[in-house]
Every structure is written in C-alpha cells, then in structure tokens.
Amino acid sequence: MTYVIAQPCVDVLDKACIEECPVDCIYEGKRMLYIHPDECVDCGACEPVCPVEAIYYEDDLPEQWSDFYKANVEFFDELGSPGGASKVGQIDKDHAVVAALPPQGEE
Ligand code: SF4
Ligand code: SF4
C-alpha cells in the first residue's frame, strides 16, 4: 500500500509535500509529482500539507482519479528505485495519463 498523488497536482507542483517526506520518495516529473510506491513508508506526513488535496492513501483515492494509482506506479517503470528524489532532481517526463491532460488550473 502507498500514498498516491492525483490530478490536482498537475501544473501546480508547488512541492510543499517534498519537505515533509522523511524518506525523500516524492519525485518530480514535468507537470506533477509522483510518490514512489516501494519507497513510501505510508507515514501520511505529506497528505495534510498539500494545498490542493492531491494526495490520497491508495484506498481513499477518489474514483475519478483512479488512473493516478497506475500513473504513480508506472512512472517508475524505467527509473526503478533510485532511493531518494533529491539526488535525481527533476525528471523530464510524465506518465501518459498526465501528459495527455490539457493545461490545468484555468477553469
Ligand atoms: S506518506 Fe510519508 S513516506 Fe509516503 S510520500 Fe508521504 S511523506 Fe513520503
Ligand atoms: S503539495 Fe500537493 S500540489 Fe504541491 S507538489 Fe505536493 S502533491 Fe503537488
């Protein structure tokens, strides 16, 4: 089980959550952040600091954002488990689910 970042983070990525994570498992893509499913220790520290309520425990992920579970997991298919986001820095890609979205935050 893990925490998941969902659509509200897309094009926001203010990174408030990164500072709270004790294991540095929140990685930066181009348009949103992704939580590493194997590195996350389920502490829940990131969830309350997100200003747009983008972070959910896997079981509590709202139905309309169910694709984002897959997005957070598959984002790491090629990366594997780097063991720390800060040393990796920004990753120049997004999961296809995210890349396909129109610019967010304008409505
Ligand atoms: S639940 Fe804890 S370990 Fe997992 S991403 Fe959030 S702050 Fe990091
Ligand atoms: S705090 Fe929320 S909006 Fe900000 S980067 Fe983290 S998940 Fe995205």
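Note that the coordinates shown come from a computational prediction; the quantities given were computed from them, not determined experimentally.

### Side note on empty space enclosed by the protein
Turning to step 1, where the next piece is worked out: Here the structure, examined in full by the defined rule, presents two cavities of 30 Å³ or more.
Turning to step 2, where the next piece is worked out: Each pocket or cavity is described by its volume, and for the largest cavity that value is around 70 Å³.
Turning to step 3, where the next piece is worked out: Looking at the largest cavity, the residues that line it are C9, V12, L13, D14, K15, A16, C17, L33, C50, P51, V52 and I55.
Turning to step 4, where the next piece is worked out: Along the lines of polarity and charge, the residues of the lining of the largest cavity split into ten nonpolar, no polar and two charged.
Turning to step 5, where the next piece is worked out: What the second largest cavity holds in volume is close to 60 Å³.

### A few points about the pattern of salt bridges
Turning to step 1, where the next piece is worked out: Counted by the stated rule, this structure contains three salt bridges.
Turning to step 2, where the next piece is worked out: In this structure, the salt-bridge partner of D92 is K30, at a minimum N-O distance of 4.0 Å. Highlighted residues: D92 in the loop between α3 (85-88) and α4 (96-99) and K30 in the loop between β2 (26-28) and β3 (33-35), separated in sequence by 62 residues.
Turning to step 3, where the next piece is worked out: Residue D92 is classed as exposed on the basis of its relative accessible area of 64%.
Turning to step 4, where the next piece is worked out: What makes K30 partly exposed here is its relative accessible area of 46%.

### Considering the packing of aromatic side chains
Turning to step 1, where the next piece is worked out: Evaluated as defined, the whole model comprises five aromatic pairs.
Turning to step 2, where the next piece is worked out: A ring pair is formed by Y34 and F75, whose centres lie 3.7 Å apart and whose planes are at 5°; its orientation type is stacked. Here the residue Y34 occupies a position in strand β3, and F75 occupies one in the loop between α2 (67-74) and α3, the gap between them amounting to 41 residues. This pair shows no difference in class: Y34 is buried, exactly as F75 is.
Turning to step 3, where the next piece is worked out: Centre to centre, the rings of Y56 and W65 are 6.0 Å apart; their planes meet at 45°, and the pair counts as tilted. W65 carries the same exposure label as Y56, and that label is buried.
Turning to step 4, where the next piece is worked out: Over the ring of F75 we find K93, and its NZ or CZ is 4.9 Å from the ring centre.

### Some words on the site of ligand 2
Turning to step 1, where the next piece is worked out: Near ligand 2 lie 13 residues; those nearest to it are C9, D14, K15, C17 and C50.
Turning to step 2, where the next piece is worked out: Because more than half of its atoms lie within 2 Å of the grid, ligand 2 is assigned to the largest cavity.
Turning to step 3, where the next piece is worked out: The class makeup of the residues in the shell around ligand 2 is eleven nonpolar, no polar and two charged.

### With respect to a negative patch on the surface
Turning to step 1, where the next piece is worked out: On the surface, E47, E53, D59 and D60 cluster together to form a negatively charged patch.
Turning to step 2, where the next piece is worked out: Position of E47 relative to the elements: it lies in the loop between β3 and β4 (55-57).
Turning to step 3, where the next piece is worked out: The exposure class assigned to E47 is partly exposed, which follows from its relative accessible area of 38%.

Parameters and conventions
- Residues numbered from 1 in each chain as written.
- Chains lettered and ligands numbered in written order.
- Predicted model: local features only at pLDDT ≥ 70, side-chain atom pairs only at ≥ 80, totals over all residues.
- Heavy atoms only, no water.
- 1 Å grid on protein atoms, 1.4 Å probe; cavity = no way out; pocket = protein on both sides within 12 Å on 5 of 7 lines; lining within 4 Å.
- Points joined across faces, edges and corners; volume = space filled by probe spheres on them.
- Nonpolar A, V, L, I, M, F, W, Y, C, P; charged D, E, K, R; others polar.
- Salt bridge = Lys/Arg side-chain N within 4 Å of Asp/Glu carboxyl O.
- Helix = DSSP H or I, 4+ residues; strand = E, 2+ residues; numbered from the N terminus.
- Buried < 20%, exposed > 50% of the residue type's maximum accessible area, 1.4 Å probe, protein only.
- Phe/Tyr/Trp six-rings, centres within 6.5 Å; stacked < 30°, edge-to-face > 60°.
- Lys NZ or Arg CZ within 6 Å of the ring centre and 35° of its normal.
- Near = heavy atom within 4 Å.
- Sits in = over half its atoms within 2 Å of the grid points.
- Patch = residues over 30% accessible without salt bridge, like charges linked within 9 Å, V, L, I, M, F, W, Y side chains within 5 Å.
- Areas by Shrake-Rupley, 256 points an atom, 1.4 Å probe, with all protein chains shown as cover.
- Lys, Arg positive; Asp, Glu negative; His and termini not counted.
- Charge placed at Lys NZ, Arg CZ, Asp CG, Glu CD.

From the geometry alone we can't say anything about function, so treat these as descriptive.
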